Amino acid sequence: GRRRALAALLFVVAVTAAGLAALPRAGVVPLAETVALGAARRGWARSLPPGTTVSTVVIDSSLTHSLGLEPGAPLAAVQLLDAERRPLASWRLRLGEHTAEWAVARGDVANRLSYRPPAPWLSTVAPDGSHFARRFRARFDLGSPVAAAWVVVRRPRRLPPATEVVLYRLELRP
């Protein structure tokens, strides 16, 4: 009855929000399909169109199997590179500061967190309908624009093999 109706309404809102978020805006280059960085796939890279200027990097992400990690743990290195693959700018995606466990709203997960998660960017109903699945948004500003030829995201080797950093969207804004 009521719970099912609420779940259906939230699903429609989440799908609509996800669809609107997927639309490119002026000056935004959407780059990433959903990518899970884990033990089998530690990195993701994309060449950029010539003349791409970047002043802000925005990453929508979440984690799986991250319980037990220390607050502030580095989860991924994000780099902008020039055409010769020299670093122009880099940041660290950190636990509790930029992203968190996707099931953070589930009671058994929330009770075991060692950190305070950031505010969620997007909430969807989990497949079993029992809780919200969360996505988080991190924004990194350069201060002044750079002409980038590559964007690279790497997961550190020292993370537990089961821990995955899931990238839903990566935007490079001019």
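Model, not experiment: these values are computed from the prediction. (Residues numbered from 1 in each chain as written. Predicted model: local features only at pLDDT ≥ 70, side-chain atom pairs only at ≥ 80, totals over all residues. Heavy atoms only, no water.)

Caption draft 1: Spatial organisation of the overall build of the protein. Within the protein one finds 2 helices and 10 strands. Each helix and strand of the protein, ordered N terminal to C terminal, gives the series α-β-β-β-β-β-β-α-β-β-β-β. In the protein, buried positions account for 44% of the 174 residues. Accessible surface computed for the protein: about 9400 Å², of which carbon and sulfur atoms make up 56%. (Helix = DSSP H or I, 4+ residues; strand = E, 2+ residues; numbered from the N terminus. Buried < 20%, exposed > 50% of the residue type's maximum accessible area, 1.4 Å probe, protein only. Areas by Shrake-Rupley, 256 points an atom, 1.4 Å probe, with all protein chains shown as cover.)

Caption draft 2: Seen up close, the pairing of strand E7 (residues 122-125). Note: E7 against strand E8 (residues 132-147), 4 bridges, orientation antiparallel. Bridged to Val125 within E8 is Phe132. (Pairing = 2+ DSSP bridges.)

Caption draft 3: A look at the pattern of salt bridges. Under the definition given, this model contains 8 salt bridges. With its nearest N and O atoms 2.5 Å apart, the salt bridge here joins Glu171 to Arg169. On the basis of relative accessible area, Arg169 is assigned to the buried category, the value being 10%. Notably, a salt bridge pairs Glu171 with Arg173, separated by 2.8 Å at the nearest N-O pair. Connected through salt bridges with shared partners, the residues Asp60, Arg137, Arg169, Glu171 and Arg173 form a single ionic network. (Salt bridge = Lys/Arg side-chain N within 4 Å of Asp/Glu carboxyl O.)

Caption draft 4: Quick peek at the confidence of the model for the protein. Across the protein, the average pLDDT comes to 84, with 82% of residues at or above 70. Note on residues 5-27: pLDDT is under 50 here. Beyond four places in sequence and across chains, it has 16 contacts. (pLDDT = per-residue confidence, 0-100. Contact = heavy atoms within 4.5 Å.)

Caption draft 5: Inspection of unusual backbone geometry at higher detail. With phi around 55°, His65 is a residue other than glycine that occupies positive phi space. Relative to the helices and strands, His65 is located in the loop between strand E4 (53-64) and strand E5 (74-81). Positive phi, normally seen in glycine, also occurs at Arg85, with a value near 65°. Position of Arg85 among the secondary structure elements: in the loop between E5 and strand E6 (87-94). Judged by its relative accessible area of 47%, Arg85 falls in the partly exposed class.

Caption draft 6: Examining the packing of aromatic side chains more closely. Counted by the stated rule, this structure contains 1 aromatic pair. Over the face of the ring belonging to Trp150 we find Arg85, whose NZ or CZ atom lies 3.6 Å from the ring centre. Across the ring face of Tyr168, the terminal group of Arg135 is positioned such that the distance to the ring centre comes to 3.7 Å. (Phe/Tyr/Trp six-rings, centres within 6.5 Å; stacked < 30°, edge-to-face > 60°. Lys NZ or Arg CZ within 6 Å of the ring centre and 35° of its normal.)

Caption draft 7: Up close: the environment of Arg139. Relative to the elements of secondary structure, Arg139 occurs in strand E8. Remark: the alpha-carbon pair of Arg139 and Val58, spanning 81 residues in sequence, is separated by 4.5 Å. If sequence neighbours within four positions are ignored, Arg139 has contacts with Thr56, Val57, Val58 and Arg173. Only 3.2 Å separates the side chain of Arg139 from the side chain of Asp141, close enough to count as a polar contact. (Polar contact = N/O pair within 3.5 Å; in protein donor to acceptor, adjacent residues only side chain to side chain.)

Caption draft 8: Representation of the pairing of E8 in the model. Summarising the sheet, E4 and E8 pair through 8 bridges and their orientation is antiparallel. Across the sheet, the residue bridging to Ser61 is Phe136, located in E8. Linking two consecutive strands that pair antiparallel, namely E7 and E8, is a turn of 6 residues; a positive phi of about 75° is found at Gly129 within it.

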